[in-house]
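Secondary and tertiary structure notes
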Amino acid sequence: AYWEVLVTSGTNAYVGIARRERIDVQRNMGSGGGIAFRGIGGNEKWKECSHFEYGRRICRGDRVGVLVDLPARSISFYMNGEPLGVAFDNLDPAKRYWPC
């Protein structure tokens, strides 16, 4: 599945997926428990509360794309149509993920 998010504002934005029980939009996908790209406030990839440098910072007007390939167990991110590369290639196929 692929989708895009248009960045219009924010100071600490995450875009990605999470297990349904972790989603809490008031607390960054459940206190960092999602699998996401953070481009405002830093440029990092996050997975289950751990983060690593990744991509570049987002600016107002940018489009962040998310590509989830469950058969390949991967998630990749895009910035204005340009690939940032595979962020993680070890998604658990037994879990159900939701966009967030």
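Keep in mind that this is a model prediction, so the values were computed, not measured.

Spatially, β1-β6-β7-β8 is the arrangement adopted by the 4 strands of the open sheet, whose pairing is antiparallel. Of all the strands in the sheet, the pair left with one neighbour each is β1 (2-6) and β8 (82-88). The mean angle between the axes of side-by-side strands here comes to 20°, regardless of whether they run parallel or antiparallel. As defined by bridge partners, strand β6 (residues 63-69) adjoins strand β7 (residues 74-79) across 6 bridges and the pair is classed as antiparallel. Looking at the pairing, G65 lines up with Y78 of β7.

As a further point, take the pattern of salt bridges. Taken as a whole and assessed by the stated rule, the structure comprises 2 salt bridges. Put simply, R38 and E44 hold a salt bridge, and the shortest N to O gap is 2.8 Å. For R38, a relative accessible area of 14% gives the class buried. E44 sits in the buried class, given a relative accessible area of 15%. A salt bridge links R56 to D62, with the shortest nitrogen-to-oxygen separation between them at 3.9 Å. The class for R56 is partly exposed, based on a relative accessible area of 38%.

So, about the packing of aromatic side chains. Scanning the model with the defined rule gives 5 aromatic pairs in all. Each ring, one from F37 and one from Y54, has its centre 5.7 Å from the other, and the planes form 75°; the classification is edge-to-face. Of this pair, F37 sits in strand β3 (residues 35-38) while Y54 sits in the loop between β5 (50-53) and β6, and the two are 17 residues apart along the sequence. Like Y54, F37 is buried. Ring geometry for Y54 and F77: centres 6.1 Å apart, planes at 75°, overall edge-to-face. Note that Y54 is positioned in the loop between β5 and β6 and F77 in strand β7, a separation of 23 residues in sequence. Look at Y54 and you get buried, because its relative accessible area is 8%. Linked through ring pairs, F37, Y54 and F77 together constitute an aromatic cluster. The aromatic ring of F88 is capped on one face by K45, whose charged end is 5.0 Å from the ring centroid. A cation over an aromatic ring shows up here: K47 above the ring of F88, its NZ or CZ 6.0 Å from the ring centre.

The rules behind the values
Residues numbered from 1 in each chain as written. Predicted model: local features only at pLDDT ≥ 70, side-chain atom pairs only at ≥ 80, totals over all residues. Heavy atoms only, no water. Pairing = 2+ DSSP bridges. Helix = DSSP H or I, 4+ residues; strand = E, 2+ residues; numbered from the N terminus. Axes fitted to C-alpha atoms, helices over the stretch in contact; angles between N-to-C directions. Salt bridge = Lys/Arg side-chain N within 4 Å of Asp/Glu carboxyl O. Buried < 20%, exposed > 50% of the residue type's maximum accessible area, 1.4 Å probe, protein only. Phe/Tyr/Trp six-rings, centres within 6.5 Å; stacked < 30°, edge-to-face > 60°. Lys NZ or Arg CZ within 6 Å of the ring centre and 35° of its normal.

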